[in-house]
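What follows is each chain in one-letter form.
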Amino acid sequence: KPSTTTIPIKNRHVFITGGSSGIGLAMAHQAALAGAQVSILARDKIQEAKDWIKLATGCDVAVYEADVRDYDAVSRAVNDAGPIDVLICNQGLFFARELERQSLEEIKSMIDVNLLGTFHLIKAALPGMKEKRAGRSTPRCIALTSSQAGQMGIYGYAAYCASKFGLRGMAEALQQEIIQDDIHVSLIFPPDTETPGLVEDKKRRPPITGAIAAFSTPMKAEEVAKKALNGIQCGVFNVHCNLEGFFMSIIAAGFSPQRSVLMAFIEVIGASMGRIIALGFQFIFYQSITKLHARKK
Ligand SMILES: NC(=O)C1=CN([C@@H]2O[C@H](COP(=O)(O)OP(=O)(O)OC[C@H]3O[C@@H](n4cnc5c(N)ncnc54)[C@H](OP(=O)(O)O)[C@@H]3O)[C@@H](O)[C@H]2O)C=CC1
Ligand SMILES: CCCCCCCCCCCCCCCC(=O)[C@@H](N)CO
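Computed from a predicted structure; not experimentally measured.

> Any chance you could break down the site of ligand 2 for me, citing the residues and the numbers?
With respect to spatial proximity, 17 residues lie near ligand 2, and among them Ser147, Ile154, Tyr157, Tyr160 and Asp192 are the closest. Separating an oxygen atom of ligand 2 from a side-chain N or O atom of Tyr160 is a distance of 2.7 Å. Between ligand 2 and Asp192, the relevant distance is 2.6 Å, taken from a nitrogen atom to a side-chain nitrogen or oxygen of the residue. Protein chains bury 91% of the 610 Å² of accessible surface belonging to ligand 2 in isolation. Where the shell around ligand 2 is concerned, the elements lending two or more residues are α7 (207-213) and α10 (261-296). Looking at the shell around ligand 2 residue by residue, the classes come out as 13 nonpolar, three polar and one charged.

Put into structure tokens, the structure is as follows:
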């Protein structure tokens, strides 16, 4: 029964993975501006990210070089970083391709980085986050960057969707396990977001994937970062980023915890209409797929 809460980031330690690029870099920038003590983790280009944030904000962020697939490296980085108040597991890979055509290597890399890597981070950070420390207040937060592709299966993103749907299951279970420690879980659901990762993905993703993704208004990384940090600070479990995402979160609410009575009411009232809308979109998607295949013949 998680209740509404406020999770401050000013003067608190915010640890952001994937903080060297895109949404993670934007979150690090905004958290630094908000007065947080920011740490970022990535495999490379972390010095450039540090220098950019210093230039943009005057703030020094701590940087940790690690591959989230390597638990020992993650554990060393988390221990070196010191006690964490807000952990944002944002790292992620996405390569859109039909499952039949996608290499096992790409499939495994998305599962390993997006899902297993997040397990590594939480396993390493959780013991320290549960400690009651003098002068370090609670509540604390573990936020996971999912995707709207973590709320709905999308053509070309079979492995990616699996990795992001997996985060949801983990988040719902974990929240039950750590609510007593005043640690709150947030799932962030961005649409297509203008980042270097998306630029690369768009070079090769199937036309159908792009057509479906376009039904949700794309966003800038800074806009997503602002929505994400607001949601984290308000203790929201399902953090939607745009209007389509608001409706998707109502449609996909399922067994997710809901701290807001008003939002719970909206979810209940919207459930049946939401299902009709979801079926309508599925009809549109399958019709588009049929037409695109017909054109190929
Ligand atoms: N852009 C979009 O359209 C959307 C993105 N998302 C999600 O948002 C998150 C950020 O994506 P975005 O900003 O677009 O991506 P970018 O490709 O711009 O950045 C990805 C970040 O993750 C880091 N990263 C990748 N692999 C690893 C690894 N093995 N270990 C540690 N860090 C790693 C990268 O650093 P390095 O490579 O140096 O390690 C980089 O900092 C992802 O989880 C993605 O799934 C969700 C919906 C839409
Ligand atoms: C009134 C009801 C509105 C419902 C709208 C339904 C729209 C569905 C479109 C979902 C788009 C998902 C894009 C994910 C992009 C992504 O994850 C990649 N960029 C990789 O991260």
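> Explain the confidence of the model for the chain to me, using residue names and the numbers behind them.
This prediction gives the chain a mean pLDDT of 96; 99% of its residues lie at or above 70. Confidence estimates for the predicted assembly give a pTM of 0.97 and an ipTM of 0.98.

> Please set out the packing of helix α1 (residues 22-33) against helix α2 (residues 46-57) residue by residue, giving values where relevant.
Packing of α1 against α2 brings their axes to within 10 Å, and their N-to-C directions diverge by 40°. The orientation of α1 with respect to α2, classified from their angle, is oblique. As for how α1 packs across α2, the hand of that crossing is right-handed. Judged by residue contacts, Leu25, Ala28, His29, Ala32 and Leu33 of α1 engage Ala49, Trp52, Ile53, Ala56 and Thr57 from α2. The class makeup of the residues in the contact of α1 with α2 is eight nonpolar, two polar and no charged.

> Give a detailed account of α2, specifying residues and quantitative values.
For α2, built from 12 residues, the straight-helix expectation of 16 Å at 1.5 Å per residue is met to within 8% by its first-to-last C-alpha distance of 16 Å. Among the residues making up α2, those that are buried are Ile46, Ala49, Ile53 and Thr57. For α2, the buried positions fall inside an angular range of 55° around the axis, keeping them on one side. Elements in contact with the buried residues of α2: α1, β2 (37-42) and β3 (62-65).

> Could you give an account of the nonpolar core, with specific residues and numbers?
Core analysis: the largest hydrophobic core is formed by 49 residues, its most contacted members being Phe15, Leu87, Ile122, Ile142 and Leu144. At the level of elements, α3 (71-81), β4 (86-89), α4 (104-130), β5 (140-145), α5 (158-178), β6 (183-189), α7 and α10 are the ones that each hand at least two residues to this core. In terms of residue count, α4 provides more of this core than any other element does, 10 residues in total. One finds Ile7, Ala26, Val38 and Ala228 within the second-largest nonpolar core, a separate group that totals 31 residues.

> How would you explain the sheet that holds β3 if you had to name every residue and give the values?
An order of β3-β2-β1-β4-β5-β6-β9 is seen for the seven strands of this open sheet, with the pairing classed as parallel. Every interior strand has two partners, whereas the edge strands, β3 and β9 (238-240), have only one. Strand-to-strand, the axes of this sheet are offset by a mean angle of 20°, without reference to chain direction. Contacts from α1 reach β1 (13-17), β2, β4 and β5 within the one sheet, and its direction differs from that of β2 by about 165°.

> Which residues make up the pairing of β3, and what values go with them?
Note: β2 against β3, four bridges, orientation parallel. If you follow Leu41 over to β3, its bridge partner there is Tyr64.

> Account for α3, naming residues and giving values.
Turning to α3, its buried residues number three or more, namely Ala73, Val74, Ser75, Ala77, Val78 and Ala81. The secondary structure elements touched by the buried residues of α3 are β1, β2, β3 and α4. The opening residue of α3 is Asp70, an N-cap whose side-chain oxygen sits 3.1 Å from the backbone nitrogen of Asp72. Trailing α3 by a residue or two, Gly82 shows a phi angle of about 85°, which is positive.

> Got a sec to walk through the environment of Ala34? Specific residues and values, please.
Topologically, Ala34 is positioned in the loop between α1 and β2. Here the alpha-carbon distance between Ala34 and Pro218, two residues 184 residues apart in the chain, equals 25 Å. If sequence neighbours within four positions are ignored, Ala34 has contacts with Ile9 and Lys10.

> Got a sec to walk through the site of ligand 1? Specific residues and values, please.
In the region of ligand 1, 32 residues are neighbours, and Ser20, Ser21, Arg43, Tyr160 and Thr195 sit closest. The side chain of Arg43 places a nitrogen or oxygen atom 2.7 Å from an oxygen atom of ligand 1. At 2.9 Å from a nitrogen atom of ligand 1 is found a side-chain nitrogen or oxygen belonging to Asp67. Considered on its own, ligand 1 offers 880 Å² of accessible surface; in the complex 93% of this is hidden by protein. Among the secondary structure elements, those contributing two or more residues to the shell around ligand 1 are α1, α5 and α6 (196-202). Ranked by the residues each element gives to the shell around ligand 1, the list is headed by α6, at three residues. Taken together, the residues of the shell around ligand 1 break down into 12 nonpolar, 14 polar and six charged.

The rules behind these values
Residue numbers restart at each chain and count upward from 1, following the sequence in its written direction. Lettering for chains starts from A, numbering for ligands starts from 1, and both go in the order in which the items are written. It should be noted that, the model being predicted, local features are given only for residues of pLDDT at least 70 and side-chain atom pairs only at 80 or more, the latter also being counted only at that level, while totals for whole chains, interfaces and linings use all residues. In computing side-chain properties, one takes all heavy atoms of the structure into account and sets aside hydrogens as well as water. We define proximity as follows: a residue is near a molecule or strand when any one of its heavy atoms falls within 4 Å of that partner. Identification of polar contacts relies on pairs of N or O atoms within 3.5 Å, with a donor-acceptor requirement for protein atoms, meaning one able to donate a hydrogen and the other able to accept it, and with residues adjacent in sequence counted only if both atoms are side-chain atoms. Areas reported as accessible are Shrake-Rupley estimates using a 1.4 Å probe. Residue values count occlusion only from the protein chains shown. Secondary structure is summarised from DSSP: a helix means a run of H or I of at least four residues, a strand means a run of E of at least two, and numbering begins at the N terminus for each. Throughout this entry, Asp, Glu, Lys and Arg are counted as charged residues, while Ala, Val, Leu, Ile, Met, Phe, Trp, Tyr, Cys and Pro are counted as nonpolar. The remaining residues, Gly among them, count as polar. The score called pLDDT rates the predictor's confidence residue by residue, from a low of 0 to a high of 100. Lines fitted to C-alpha atoms define the axes here, with helix axes fitted over just the stretch in contact, and angles between the N-to-C directions of these axes take values from 0 to 180 degrees. Throughout this description, any angle smaller than 35 degrees is read as roughly parallel, any larger than 145 degrees as roughly antiparallel, any in the 65 to 115 degree range as roughly perpendicular, and the remainder as oblique. Crossings are classed by handedness, with left-handed meaning an anticlockwise turn of the near helix from the far one by less than a right angle and right-handed meaning a clockwise turn. Contact between two residues is taken to exist if any of their heavy atoms lie within 4.5 Å; hydrogens are not considered. One less than the number of residues in a helix, times 1.5 Å, gives the span that helix is expected to have. In this scheme, a residue with accessible area under 20% of its type's maximum is buried, one over 50% is exposed, and one in between is partly exposed, where area comes from a 1.4 Å probe on protein chains only. Along the arc lie the directions from the helix axis toward the C-beta atoms. The nonpolar core is taken to be a set of buried Ala, Val, Leu, Ile, Met, Phe, Trp, Tyr and Cys residues, with the residues joined through side-chain atoms within 4.5 Å. At least two bridges found by DSSP between two strands is the condition for calling them paired.

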